Amino acid sequence: SQQGEEDPQALSIQEGENATMNCSYKTSINNLQWYRQNSGRGLVHLILIRSNEREKHSGRLRVTLDTSKKSSSLLITASRAADTASYFCATDAGGSEKLVFGKGTKLTVNP
Amino acid sequence: ETGVTQTPRHLVMGMTNKKSLKCEQHLGHNAMYWYKQSAKKPLELMFVYNFKEQTENNSVPSRFSPECPNSSHLFLHLHTLQPEDSALYLCASSQVRAGGDTDTQYFGPGTRLTVL
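Residues numbered from 1 in each chain as written. Chains lettered and ligands numbered in written order. Predicted model: local features only at pLDDT ≥ 70, side-chain atom pairs only at ≥ 80, totals over all residues. Heavy atoms only, no water.

Novice: Tell me about the packing of aromatic side chains, residues and numbers included.
Specialist: Residues and elements named next belong to chain B. Tallied over the full model, the rule gives seven aromatic pairs over all chains. When the ring of Y35 is compared with that of F107, the centres are 5.4 Å apart and the planes differ by 40°; the resulting orientation is tilted. Of this pair, Y35 sits in strand β4 (residues 31-37) while F107 sits in strand β10 (residues 106-107), placing them 72 residues apart in sequence. With a relative accessible area of 0%, Y35 lands in the buried category. Relative accessible area serves as the criterion here: at 2%, F107 is assigned to the buried category. (Phe/Tyr/Trp six-rings, centres within 6.5 Å; stacked < 30°, edge-to-face > 60°. Helix = DSSP H or I, 4+ residues; strand = E, 2+ residues; numbered from the N terminus. Buried < 20%, exposed > 50% of the residue type's maximum accessible area, 1.4 Å probe, protein only.)

Right, here's the structure in full:
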């Protein structure tokens, strides 16, 4: 079964609102990453949080990590129509050159 | 631009054709990856090359044949594909540290493959 699973699968909000996406994983990790993908394009790295970190910020993005619950959340504040994309979490499955991706959350921000 | 380029961006091929996808990274990374992305499925890792050596073949059918001549270039040779192989094929690179721990992966824009 896949390592990372995002929740919800789809999210539709209005511009200016906050968007929260969650990710759960199964095995121990060294780091967890969030990526964004515009339709039919490559993935773009957003933020990496290490297993000894609990929270990380980058602009309007805030990521939390709870290793005891094996879960992470991505918060996008003051969303914009340009934030419309699919968002994926990926884990390194405990120290590996590989990343394992979830199915993603499709975010739609309506103007 | 992520520093990873892929060509072609779109490819339509018949089931009896032979074609190749090309990926090039300009980031000085030591690992390169091929992924397959189909509709409504998670991103599937196909192959991993670390220092030009293949370290992962994720049960990929032999009709997909990777080649990594150096740490900057990665190819995916395709032959006798099936319609279900139609997907977005993504290449990525990263810098793998001692012990195998990986950092950020940088993705190319992908090749949209359609098999008729």
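Novice: Please give an account of unusual backbone geometry that cites residues and values.
Specialist: Geometrically, the link from A:D7 to A:P8 is a cis peptide bond, its omega value of 0° lying close to zero. For A:P8, the position within the fold is in the loop between β1 (5-7) and β2 (10-14). Positive phi is not limited to glycine here, since A:A78 has a value of about 45°. Its place among the elements puts A:A78 in the loop between β8 (71-76) and β9 (85-91). A relative accessible area of 38% means that A:A78 is categorised as partly exposed. In this model, B:T80 sits at a positive phi of 45°, which is unusual for a non-glycine residue. Along the polypeptide, B:T80 turns up in the loop between β8 (73-79) and β9 (87-94). For B:T80, a relative accessible area of 42% translates into the label partly exposed.

Novice: Requested: an account of the side chain of B:N30, with residues and values cited.
Specialist: Structurally, the position occupied by B:N30 is in the loop between β3 (18-25) and β4. Not counting residues within four places of it along the chain, the set of residues in contact with B:N30 comprises B:Y49, B:N50, B:F51, B:S94, B:Q95 and B:V96. (Contact = heavy atoms within 4.5 Å.)

Novice: Could you give an account of the state of the cysteines, with specific residues and numbers?
Specialist: Disulfides are covalent bonds that connect the sulfur atoms of two cysteines. Under the criterion given, the structure shown has two disulfides over all chains. A:C23 shares a disulfide with A:C89; S-S distance 2.0 Å. Its torsion about the S-S bond being 65°, the disulfide of A:C23 and A:C89 is classed as right-handed. Of the two residues, A:C23 is situated in strand β3 (residues 19-24) and A:C89 in strand β9; the sequence distance between them amounts to 66 residues. A:C89 carries the same exposure label as A:C23, and that label is buried. B:C23 shares a disulfide with B:C91; S-S distance 1.9 Å. In this structure the cystine formed by B:C23 and B:C91 twists about its S-S bond by roughly -75°; its chirality is therefore left-handed. Residue B:C23 is located in strand β3, and its partner B:C91 is located in strand β9; the two are separated by 68 residues in the primary sequence. Accessibility assignment for this pair places B:C23 and B:C91 in one class, buried. (Disulfide = S-S within 2.5 Å.)

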